[in-house]
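Descriptive analysis of the structure
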Amino acid sequence: MSDKKALVALAKEPSIQESVTKVFDLMGGVTNMIKAGTTVFLKPNAGHAAPADTSVCTNPEVVRAVIREVKKANPKSIVIAEAAAIGCDTMECYEVSGIADVAREEGVELYDIKADKDLINVAVRGYRSNLHHVKLPRRLMEADHLINLPILKAHASMVFSCALKNIKGVVQDAVHLQMHQQNLTMAMMDVWSVSRADINIVDAIRPASGYSPHTPVPIDVGCILGSTDPVAVDLIACDLVGIDAEAVDYFRVAAETGLGITERDKIDVVGAKVEDCYKKMWVPYIGDMSTRWPEYKVLCDGACSSCQALLAINMETLKAIGDYERRSDFVVVAGGKNAIPDDVDDKKLVLHGNCTRKYLKNHPNAIHIEGCPPSEPLLYMSISNGELVHGKDGQMSEYIRPRMAADQPVWRQYVEEQAKKFYGQQG
């Protein structure tokens with residue numbers, strides 16, 4: 001067993017700038033981490049077009065603070081880089097999130113990874129997912145430094161999102177889609193292996209709790225974390241807001257791949273103390289999903305944390321839009337260790353995820369939703385419609401996103417009511 005240790009800096013200062021500066025200082029100082037005359041790429045989370053106060057994207061003031069800190073090292077250039085989610089326009093996301101205003105005010109470039117045609121087909125040596133090669137922008141690969149700037153938030157397809165998941169935003173749509181087709185968690189690790197960030201600065205000023213990323217409930221924590229180790233910083237971020245890391249599969253995968261430190265006794269937290277900054281965050285993606293919806297038969301033996309999280313958001317969405325009781329005769333299956341009764345009506349059997357494909361042998365007409373994990377809203381829409389909603393062939397932009405927008409008002413009201421219950425119990 002390796003004796004290697006990781007350092008995670010934690011700061012809660014009166015201002016965002018002071019916290020960011022403190023974190024860099026605790027890590028050794030920005031001038032010791034960034035070489036003068038170099039090109040520095042900053043990778044925020046700006047995957048969706050949402051205002052700063054929603055906590056969907058990295059706080060633009062955190063981006064500003066990092067820019068100003070990096071300028072102390074006299075870099076040749078600073079570039080903000082992002083590839084927005086499938087179906088989303090990166091430049092629109094920059095504008096709506098407030099990051100574009102910061103870039104203009106600070107004199108740095110905004111770069112849309114999705115628009116770049118100059119790509120390098122990078123070999124993923126020792127790949128563990130379906131990504132034996134990844135097409136990445138030449139500019140990104142030739143940058144001298146890459147600073148990862150995630151926001152801490154609950155996430156429907158990964159339980160939570162922070163440093164590890166944020167690097168998924170360096171790939172274009174074709175690779176993004178490919179990552180979901182087999183094993184997203186392992187694909188994330190493979191992308192990290194060829195585009196590792198030098199530094200991770202985590203925005204935990206107002207983390208997004210609840211049914212994030214699309215319906216977040218921000219809470220005030222007021223912290224910035226930093227580390228060169230993405231696994232260690234994610235683990236301490238979980239501790240900061242009470243997320244059970246044992247319930248998040250990608251820490252196990254990260255340990256298997258050796259991407260970073262997963263043992264707390266090998267992580268030195270410097271600066272502020274976790275217990276002094278702690279605030280419990282509502283993350284409804286964790287727990288026993290087999291009994292949460294007694295009106296339905298939900299079989300989820302062997303389901304990963306990602307598919308269990310998707311069960312949570314989709315089943316609760318059915319409640320919000322008024323389709324829950326109407327479709328309660330459906331059987332929902334996630335995971336590869338289930339025994340499905342032979343007398344189940346295939347037309348009312350929903351198989352969620354690639355690992356349920358094997359059940360098609362005995363239930364060839366079942367509704368099978370592909371993906372590992374599948375895209376977030378496919379389950380509730382398939383149950384609601386009584387037929388497969390697959391997200392392919394333009395369906396994402398032509399049907400799924402418009403429907404999500406139409407369902408959003410009642411869903412938002414439902415989530416806010418659930419949040420009041422949770423935080424009311426927390427006092």
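Heads up: these notes are all about the structure in this document.

Criteria and cut-off values
- The residue count restarts for each chain, going from 1 along the sequence in the order it is written.
- Under the rules for a predicted model, residues below a pLDDT of 70 receive no local features and side-chain atom pairs below 80 are neither given nor counted, while totals for whole chains, interfaces and linings still include all residues.
- Processing note: side-chain calculations cover all non-hydrogen atoms of the structure and skip hydrogens and water entirely.
- Segments assigned H or I by DSSP are reported as helices when at least four residues long, segments assigned E as strands when at least two residues long, and all are numbered from the N terminus.
- For Phe, Tyr and Trp, rings pair up if their centres lie within 6.5 Å, where Trp contributes its six-membered ring, and each pair is then called stacked (planes under 30 degrees apart), edge-to-face (over 60) or tilted (otherwise).
- Classification of residues uses two cut-offs on accessible area relative to the type maximum, computed with a 1.4 Å probe and protein chains only: under 20% is buried, over 50% is exposed, and between them is partly exposed.
- Between any two strands, pairing holds if DSSP finds at least two bridges.
- Note on definitions: angles span 0 to 180 degrees between N-to-C directions of axes, and those axes are lines fitted to C-alpha atoms, for helices only across the stretch in contact.
- Residue contacts follow a heavy-atom distance rule, with two residues in contact if any of their heavy atoms lie within 4.5 Å.

For the rest of this paragraph, the subject is the environment of Glu246. Take Glu246: it is sitting in the loop between α10 (230-241) and α11 (249-257). Put simply, Glu246 and Met188 are 58 residues apart on the chain and 19 Å apart in space, counted from C-alpha to C-alpha.

Take the packing of aromatic side chains next. In this description, a pair of aromatic rings is defined by centroid distance and the angle of the planes. Per the counting criterion, the structure on display carries eleven aromatic pairs. Judged by centre distance (5.4 Å) and plane angle (50 degrees), the rings of Tyr250 and Phe251 are tilted. A relative accessible area of 6% places Phe251 in the buried class. Ring geometry for Tyr296 and Tyr324: centres 4.9 Å apart, planes at 45 degrees, overall tilted. Note that Tyr296 is positioned in the loop between α12 (274-277) and β14 (297-299) and Tyr324 in the loop between α13 (305-321) and β15 (331-334), a separation of 28 residues in sequence. With respect to class, Tyr296 is no different from Tyr324; both count as buried.

Taking strand neighbours across the sheet as the criterion, the four strands line up as β14-β15-β16-β17 in an open arrangement whose pairing is parallel. Lying at the two open borders of the sheet, with one neighbouring strand each, are β14 and β17 (367-369). Each adjacent strand pair in this sheet contributes to an overall mean axis angle of 15 degrees, direction not counted. When β15 meets strand β16 (residues 349-352), the two strands line up parallel, connected through four bridges. The partner of Ala334 across the bridge, within β16, is His352. Running at roughly 155 degrees to β15, α13 makes contact with β14, β15 and β16 of the sheet. Of the strands in this sheet, β15, β16 and β17 are in contact with helix α14 (residues 378-385), which crosses β17 at around 165 degrees.

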